[in-house]
Structure formats: structure tokens, C-alpha cells
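Take a look at the letters that make up each chain.
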Amino acid sequence: MQKWIPALILLAVLGACTTQTQQPKCDASQVLVGSICCFDDDKDLICDQEGQSINISRRYSSPSRIFSAEYPKGWEVFDDPAKKFVRFARNGSKNDTPAAIYIFGFPAKTMTFEELRESVRAGALEETASKIEDEQDGEYDGQKAYFVEYTFGDDIRLKSKDVAVLKEGEYYYQVTYTTSESDFDAYLGEFESTFDSIQIK
């Protein structure tokens, strides 16, 4: 009887090892990360937390830009070939209008704040059926800034928020957030986080 005990112990150990190395089978909508099944929409092998909003977690930087900035997790980056802007875009679903954040930034040795304000304001008014909802001069990080919100568009009403910042004699940058008017508040936090993350090189 005793000669069977070592064999039984060996089988038990092997069984335990086999159980520990078995991988769970995930639903088609989930992926295996480590030893658990979870959602991973941005395919970075980090489980998305249930109900979480999009987190700022990626930094964009380019040798040809005067700035770097963080952008929302899972959003796509489009670098304009003409080097006029960079765009961070959230893909829309069938019932959803895409949201986008544009950043422009250039040296500005001679530009005045009044010229910058009028340029941004004129751009807002050029849009189809545009209506300025709110605008004000202010400051951001110790520099002069112009803030404007406006709606535009015929079939689908879109809403934009532009913030332009000028450090006189050195540079300016402008950040524009655009999505449908109905979705504007949903991604406003992502815009604000991206704006606050901008660093001038």
C-alpha cells in the first residue's frame, strides 16, 4: 500500500501544475492579458477598467514642432504633412460624431496678441452658419490667451472651442477641440487635459 503513496503524490503535483498553467478561454470581445480575460480597446495589453473614461496617457513629440503634448488613450494621431498642425482624433461610432483636437504652434517673433485674436476669431466666423457662443481674453500660464466657443454647420451642428496663447516675441500656439454640439461636454475633459499637458520645447 505504501509503495503507491509516492506515485499518488507525483500525480497530485502534476495535476496542480497542469491546473496552474491552463489559460482561460476569452469571449470574442475580450483578450487574454496575463491570466485574465478583459477588454482592451486600444490593444496595449493593459486591461481597460470598466466604466472608465478615456485617460490621458500618451505623449506626442516631433523634432519639427515647438511643442509636445499628451493625448487621449486610444485616439489616433495625424501629423499634417505640411507641418501646420497635429490632430488627435477619436473614431466615431454609427451613432456618434468623431471628436478631434488640433494643435497649431509656431515661432512668432513679431505677432501681437490683437493680431492673434483677430486671426482665430476670423477663422471661427468663416465656418458655415457659425455663431460665437462665448469669447474672452484672459491668461494661461502667465501668457496672454484668447478663448472662444462657437457652433457651426447646417446638417449636423458642430461645436468648437479654441484657445490661443501668445508669448510675445517668441511663439504662439492654438488648440482647437471640435465635435458634435450634443457630444461637446462628453469629451471636454480630454481636451482640457491635452491642453494642460502642452510643453513648449
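Throughout this document, residue positions are counted from 1 along each chain, in the order its sequence is written. Reporting of local features is limited, given that this is a predicted model, to residues whose pLDDT is at least 70; pairs of side-chain atoms are given and counted only at 80 or more, and all residues count toward the totals for whole chains, interfaces and linings. The basis for the side-chain values is all heavy atoms of the structure; hydrogens and waters are excluded.

**Some details on the overall build of the protein chain**
So the rule is basically this: Secondary structure elements are defined from DSSP: runs of H or I of at least 4 residues count as helices, runs of E of at least 2 residues count as strands, and each element is numbered from the N terminus. Residue burial is assigned from relative accessible area. The probe radius is 1.4 Å, only protein chains are included, and a residue is buried under 20% of its type maximum, exposed over 50%, and partly exposed in between. In what follows, residue pairs with any heavy atoms lying within 4.5 Å of each other are defined as contacts. The protein chains shown are the only cover counted for residues, whose accessible areas, like all others here, come from Shrake-Rupley with a 1.4 Å probe.
Helix and strand counts for the protein chain stand at three helices and twelve strands. Taking all 201 residues of the protein chain together, the buried fraction comes to 35%. For the protein chain, contacts bridging at least 24 residues in sequence account for 42% of all contacts bridging at least 6. Accessible area of the protein chain: about 12,500 Å², with a carbon and sulfur share of 51%.

**Here's the deal with the layout of surface pockets**
Applied cut-off: Grid points spaced at 1 Å and placed over the protein atoms alone form the basis of the search, with a cavity being a set where a 1.4 Å probe fits but cannot get out and a pocket an open set showing protein on both sides within 12 Å along at least five of seven lines. Lining residues have an atom within 4 Å of a point. Grid points are joined across faces, edges and corners, and a volume is the space filled by probe spheres set on the points. Residues are grouped as follows: Ala, Val, Leu, Ile, Met, Phe, Trp, Tyr, Cys and Pro are nonpolar; Asp, Glu, Lys and Arg are charged; all remaining types, including Gly, are polar.
Put simply, the second largest pocket is a space of about 180 Å³. Lining the second largest pocket are Ser119, Val120, Gly123, Ala124, Glu127, Tyr150, Phe152, Ser160, Asp162, Gln174, Thr176 and Thr178. When residues of the lining of the second largest pocket are traced back to their parent elements, those giving at least two are helix H2 (113-126), strand S9 (143-152), strand S10 (158-167) and strand S11 (171-180). In terms of residue count, H2 provides more of the lining of the second largest pocket than any other element does, four residues in total. Across the lining of the second largest pocket, the residue classes break down as four nonpolar, six polar and two charged.

**Description of unusual backbone geometry**
For Lys83, which is not glycine, the phi torsion reads 65 degrees and is therefore positive. Inspection of the secondary structure assignment puts Lys83 in the loop between strand S5 (76-79) and strand S6 (86-90). Judged by its relative accessible area of 38%, Lys83 falls in the partly exposed class.

**Let's talk about the nonpolar core**
To keep it simple, the criterion reads: The criterion is simple. A nonpolar core is a set of buried Ala, Val, Leu, Ile, Met, Phe, Trp, Tyr and Cys residues joined through side-chain atoms within 4.5 Å.
Counting 24 residues, the largest nonpolar core has Phe88, Ile103, Val175, Tyr177 and Ile198 as its most contacted members. The dominant element in this core, judged by the number of residues it contributes, is S11, at four residues. Residues contacting Val175, with those up to four places away along its chain left out, are Ile101, Tyr102, Ile103, Lys161, Asp162, Val163, Phe191, Phe195 and Ile198. Ala108, Val120, Tyr146 and Phe152 belong to the second-largest nonpolar core, a separate cluster that totals twelve residues.

**Description of the pairing of S11**
Moving residue by residue along a regular strand, the side chains alternate between the two faces of the sheet. Note the following rule: Two strands make a pair as long as DSSP finds a minimum of two bridges between them.
With ten of ten residues buried, S11 lies mostly within the body of the structure. As paired elements, strand S7 (residues 99-107) and S11 share eight bridges and run antiparallel to each other. Opposite Ile103, over in S11, you have Val175 as the bridge partner. Here ten bridges tie S10 to S11, and the two strands are oriented antiparallel to one another. In the sheet register, Leu158 faces S11, and the bridge partner there is Ser180. Where S10 hands over to S11, the hairpin turn is made up of three residues, of which Gly169 adopts a positive phi near 80 degrees.

All quantities given are derived from atomic positions and should not be read as evidence of function.
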